[in-house]
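Remarks on the overall topology
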Amino acid sequence: VQLQASGGGLVQAGGSLRLSCAASGRTFSSYHMGWFRQVPGKEREFVAAISRGGGSTSYADSVKGRFTISRDNAKNTVYLQLNSLKPEDTAVYYCAADNDHFLMTTPEYWGQGTQVTVSS
């Protein structure tokens, strides 16, 4: 599966963004999907995941209550709604897919990143 992330940008603290990740292929619904983020000099970290049918979600403690992951299997797209953004949310955000693991640590597939910058 090929993944194409979009929707990043520059936003003030307290603002919102919506990231999208479009997947190629006709088997999107067979993949658990996730979002990760990375700051230069640090390891890539898990942000959120959603199960194949969308019935289960998981979030990092740092974003719980502020970010929402969702998916539209008819559109082969996964979303990440980012609300109440903080400067520490600044990072490159990556979408990911895994056929077997919902709580993915090493996803099978990665999209290219999209930059989110939050100004104070």
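Structure: see above.
Per chain, residue numbering runs from 1 following the sequence as it is written. Local features in this predicted model are restricted to residues whose pLDDT is 70 or higher, and side-chain atom pairs enter the listing and the counts only when it is 80 or higher, whereas totals over whole chains, interfaces and linings include all residues. Each side-chain value is derived from all of the structure's non-hydrogen atoms; neither hydrogens nor water enter the calculation.

**Things to note about the packing of aromatic side chains**
Two aromatic rings from Phe, Tyr or Trp, using only the six-membered ring of Trp, form a pair when their centres are within 6.5 Å; if the ring planes differ by under 30 degrees the pair is stacked, by over 60 it is edge-to-face, and anything between is tilted. Within the structure shown, the criterion is met by four aromatic pairs. Taking 5.8 Å as the distance between ring centres and 85 degrees as the angle between the ring planes, the aromatic pair formed by Tyr31 and Tyr109 counts as edge-to-face. Residue Tyr31 is located in the loop between strand E3 (17-23) and strand E4 (32-38), and its partner Tyr109 is located in strand E10 (residues 109-110); the two are separated by 78 residues in the primary sequence. Each residue gets one of three labels from its accessible area relative to the maximum for its type: buried under 20%, exposed over 50%, partly exposed in between, using a 1.4 Å probe on protein chains only. Look at Tyr31 and you get buried, because its relative accessible area is 10%. Residue Tyr109 is classed as partly exposed on the basis of its relative accessible area of 29%. Their ring planes at 70 degrees and their centres at 5.0 Å tell us that Phe36 and Trp110 sit as a pair that is edge-to-face. Of this pair, Phe36 sits in strand E4 while Trp110 sits in strand E10, placing them 74 residues apart in sequence. With a relative accessible area of 3%, Phe36 lands in the buried category. We classify Trp110 as partly exposed; its relative accessible area is 34%. Counting from the N terminus, the helices are the DSSP runs of H or I reaching at least four residues and the strands are the DSSP runs of E reaching at least two.

**Observations concerning the state of the cysteines**
In what follows, a disulfide is any cysteine sulfur pair within 2.5 Å. Counted under the stated rule, the structure contains one disulfide. Here Cys21 engages in a disulfide with Cys95; their sulfurs sit 2.1 Å apart. The disulfide joining Cys21 to Cys95 has a torsion of about 55 degrees about its S-S bond and is therefore right-handed. Placement of Cys21 in strand E3 and of Cys95 in strand E9 (residues 91-98) is noted, with a sequence separation of 74 residues between them. For Cys21, a relative accessible area of 0% corresponds to the buried category. Cys95 sits in the buried class, given a relative accessible area of 0%.

**Examining the sheet that holds E3**
The strands that make up a sheet pair up through hydrogen bonds in the backbone, lying either parallel or antiparallel. For two strands to pair, DSSP has to find at least two bridges joining them. Sheet architecture is open: four strands sit in the order E1-E3-E8-E7, paired in antiparallel fashion. Strands with a single pairing partner mark the edges of an open sheet, and in this sheet they are strand E1 (3-6) and strand E7 (67-72). Each adjacent strand pair in this sheet contributes to an overall mean axis angle of 15 degrees, direction not counted. Under this scheme, a helix contributes an axis fitted over its contacting stretch, all axes are lines through C-alpha atoms, and angles between N-to-C directions fall in the 0 to 180 degree range.

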